[in-house]
Amino acid sequence: MSNSKTIIFAEDTVHIAQLLKFKLEKEGFNLIHFPSGVGVTEGVLKYKPDLVLLDIMMPVKDGLTVLKELKSNPSIAHIPVVLLTANSHEEYVIKGLQLGATDYILKPFASAELVLRIKNILKMR
Amino acid sequence: MFIHLDIFTFLALTIFALLIITYILVIQVVLLRLLHGYQAKQEQKFIAVWEGKIFNYLESDEKPVTLVKKIRRGKYFYLLRYLREFLLMLKGDDFKKLSALINETKLQRFLLSQLKSGSPKKINEAAYFLGLAKSVASRSVLQKKLRSQNASVFLSSALALARLNDIDSVFDIFRNARRFKFVSKDSLLAILSEYSNEICKPLLLNLKKEKNTLIQSITITLFRHFKFYQAGETVLKIIVYSQNKDVIIESIKFFCTIEFVKSATALRTLINHPKAEVRAEVLKALAVLGDETFEQRIWDRMYDPEYEVQYNAVTTLIKLIPGSEEKISNFAYGNLKDRAAAIARMVLSERNIKN
């Protein structure tokens, strides 16, 4: 995997965000973290990442709102988006996929699986 | 004059005493805030030091005992609170390694001693973390705690046993829950839904002989939560004779979730149930489980005395019967003074806005 791949991820649970950052950076990705959905679209426009990882349930601005913004902007709509959501909110996954998300991961999740899915998505592009 | 002086003295003394009390309270609040701030800082320092160590431990072959032995007893709860989110949100190897920090170290001994203490606060904290870490060693103590007279101890022990997926305790949880008036159906459901779907088989066996309507209702809600299709036939038998509104409504929702088409016959009768909530739920379910043979019955419900039933009748007709939207539109705008037509107009406007 090339070291130049950049991932923007939005996750409000601080420790989980730290762990994901640790795991993904170890795999050679550049990580840009947002603690909520606020500023993510602007971040994507600015950094043009290779992938966006979005937690659905976040304060102030949720993941689905961000996803809608990303997919409605033609200059960034092609960037794959992976959703992270709690098992109990499975219904949001369908909505997310309808809105154009590439994949989803349900919490509780195995970080190894998440890394593999991200690698696969990036490999297929 | 003499009396006036006394009153003034009394007032002065009272004000002085109140000032002293206020002063003590303010000092106490300030001290508590300082203490809380100090503890928060200590916890942040602890995390700053230990986060990297824990992440490295996840990637290495380091034994959990080696890592935890470096932590002093006074800081156990810093580690436990730090692990909390991970234990809730991770599975697989990460979960195994992180839960081993509790289950295979002196932390487990510490928590078990807290669990055996007489303090409900300590018991609740210990039960919470032992449950999160799925500590099998705590099972027998937790089972005993289900018989506690303290409701919070009962609830925290039940939750821990559910997280441990201790199927043997399910009926003990039901039995003991009845002792507490304020242990609600929702709190029991929240606890029992922490079990895996393995809970469904024993619940199904029990449902066949269960007479308590609260347990029936909770059981059927859990079947819905786990999408336990095998319970369809048994629940269908219950809905036919049940007089309990909750049991009927939960059964209908369950049929809808598992798309149990066989239940349509029962719904045909229940569409005229005396309770409006049941009629409204039947109509909602018919959008999934019904067919065109229900059309006239659903039209009839548009004249139901209850608003929610009328509303559901219109939405179900639109979803269920192809081309019905035009028919409803003609009805809605051709009968301007009719109440059912007014509701139909409202549903149609809502659909237009959504589209």
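Residues numbered from 1 in each chain as written. Chains lettered and ligands numbered in written order. Predicted model: local features only at pLDDT ≥ 70, side-chain atom pairs only at ≥ 80, totals over all residues.

**Thoughts on the overall build of chain A**
In terms of regular secondary structure, chain A is built from 5 helices and 5 strands. If you list the helices and strands of chain A from N to C, you get β-α-β-α-β-α-β-α-β-α. In terms of overall size, chain A behaves like a compact globule, its C-alpha atoms giving a radius of gyration of 13 Å where 125 residues would be expected to give roughly 14 Å. For chain A, the spread of C-alpha atoms along the principal axes amounts to about 35 × 30 × 25 Å. (Helix = DSSP H or I, 4+ residues; strand = E, 2+ residues; numbered from the N terminus. Rg over C-alpha atoms; globule rule 2.2 N^0.38 Å.)

**A word on the overall build of chain B**
Secondary structure summary: chain B contains 20 helices and 0 strands in total. Relative to the 2.2 N^0.38 estimate, which gives 20 Å for 355 residues, the radius of gyration of chain B is 30 Å and therefore markedly larger than a compact globule would have. Overall, the C-alpha framework of chain B stretches about 85 × 80 × 45 Å when taken along its three principal axes. When contacts within chain B are restricted to residue pairs at least 6 apart in sequence, long-range pairs at least 24 apart make up 65% of them. (Contact = placed C-beta atoms within 7 Å.)

**Remarks on the interface of chain B and chain A**
Listed per partner, the contact involves 11 residues of chain B and 13 residues of chain A. Only α1 (2–59), α3 (76–89) and α4 (92–103) of chain B provide two or more residues apiece to the side of chain B that touches chain A. Top contributing element to the side of chain B that touches chain A by residue count: α3 of chain B, with 4 residues. In terms of residue class, the side of chain B that touches chain A is built from 5 nonpolar, 1 polar and 5 charged. (Nonpolar A, V, L, I, M, F, W, Y, C, P; charged D, E, K, R; others polar.)

**Let's talk about the pairing of strand β2 (residues 30–34) of chain A**
Residues and elements named next belong to chain A. Across 5 bridges, strand β1 (residues 6–10) lies against β2 in parallel orientation. Following the sheet pairing, Ile-7 is matched in β2 by Leu-31. The parallel pair β1 and β2 is bridged by helix α1 (residues 14–26), and the resulting crossover is right-handed. (Pairing = 2+ DSSP bridges. Right-handed = clockwise from strand over helix to strand, strands pointing away.)

**A word on the confidence of the model for chain B**
Looking at chain B, pLDDT values average 93 and 98% of them are 70 or higher. Taken together, the chains of this predicted complex give a pTM of 0.84 and an interface ipTM of 0.88. (pLDDT = per-residue confidence, 0-100.)

**A few points about the sheet that holds strand β3 (residues 51–55) of chain A**
Residues and elements named next belong to chain A. Overall, parallel pairing links the 5 strands, which are arranged β2-β1-β3-β4-β5 in an open sheet. The open sheet has two edge strands, β2 and β5 (103–107), and neither has a second partner. Averaged over all pairs of adjacent strands, the angle between their axes in this sheet comes to 20°, without regard to strand direction. Along the sheet, α1 contacts β1 and β2; its crossing angle with β2, the most-contacted strand, is approximately 165°. Set on the sheet, helix α2 (residues 40–47) makes contact with β1, β2 and β3; between it and β1 the angle comes to about 175°. (Axes fitted to C-alpha atoms, helices over the stretch in contact; angles between N-to-C directions.)

**A word on unusual backbone geometry**
Cis geometry is found at the peptide bond from Lys-107 of chain A to Pro-108 of chain A, where omega equals 0°. Despite not being glycine, Lys-48 of chain A has its phi angle at roughly 45°, a positive value. Position of Lys-48 of chain A among the secondary structure elements: in the loop between α2 and β3. Positive phi is not limited to glycine here, since Asn-165 of chain B has a value of about 55°. Among the structural elements, Asn-165 of chain B can be located in the loop between α8 (151–163) and α9 (170–177).

**Observations concerning the packing of helix α18 (residues 307–320) of chain B against helix α19 (residues 324–334) of chain B**
All names here are of chain B. The geometry of α18 relative to α19 is characterised by a closest axis approach of 8 Å and an angle of 145° between their N-to-C directions. From α18, Val-314, Leu-317 and Ile-318 reach across to α19, where they touch Ser-324, Glu-325 and Ile-328. Across the contact of α18 with α19, the residue classes tally to 4 nonpolar, 1 polar and 1 charged.

**Things to note about helix α10 (residues 185–192) of chain B**
Residues and elements named next belong to chain B. Taken together, the buried positions of α10 are Leu-188, Ile-191 and Leu-192. Looking straight down α10, one finds that the buried residues subtend no more than 90° of arc, so they occupy a single side. On its buried face, α10 sits against α8, α9 and α12 (213–226). (Buried ≥ 20, exposed ≤ 12 C-beta atoms within 10 Å, placed from the backbone. Arc of directions from axis to C-beta.)

**Observations regarding the packing of helix α5 (residues 106–115) of chain B against helix α6 (residues 120–132) of chain B**
All names here are of chain B. For the pair α5 and α6, the least separation of the axes is 7 Å and the interaxial angle reads 140°. With respect to α6, the axis of α5 lies oblique. As for how α5 packs across α6, the hand of that crossing is left-handed. Of the residues in α6, those touching α5 at Leu-111, Gln-114 and Leu-115 are Lys-122, Ile-123, Glu-125, Ala-126, Ala-127, Phe-129 and Leu-130. Partitioning the contact of α5 with α6 into residue classes produces 7 nonpolar, 1 polar and 2 charged. (Parallel < 35°, antiparallel > 145°, perpendicular 65-115°, else oblique. Left-handed = near helix turned anticlockwise from the far one by under 90°.)

**Things to note about the environment of Arg-73 of chain B**
Among the structural elements, Arg-73 of chain B can be located in the loop between α2 (64–68) and α3. For Arg-73 of chain B, a count of 9 C-beta atoms within 10 Å puts it in the exposed group.

**Comments concerning the environment of Asn-150 of chain B**
Tracing the backbone shows Asn-150 of chain B in the loop between α7 (139–145) and α8. Spatially, the C-alpha atom of Asn-150 of chain B lies 8.9 Å from that of Phe-180 of chain B, the residues being 30 residues apart in sequence.

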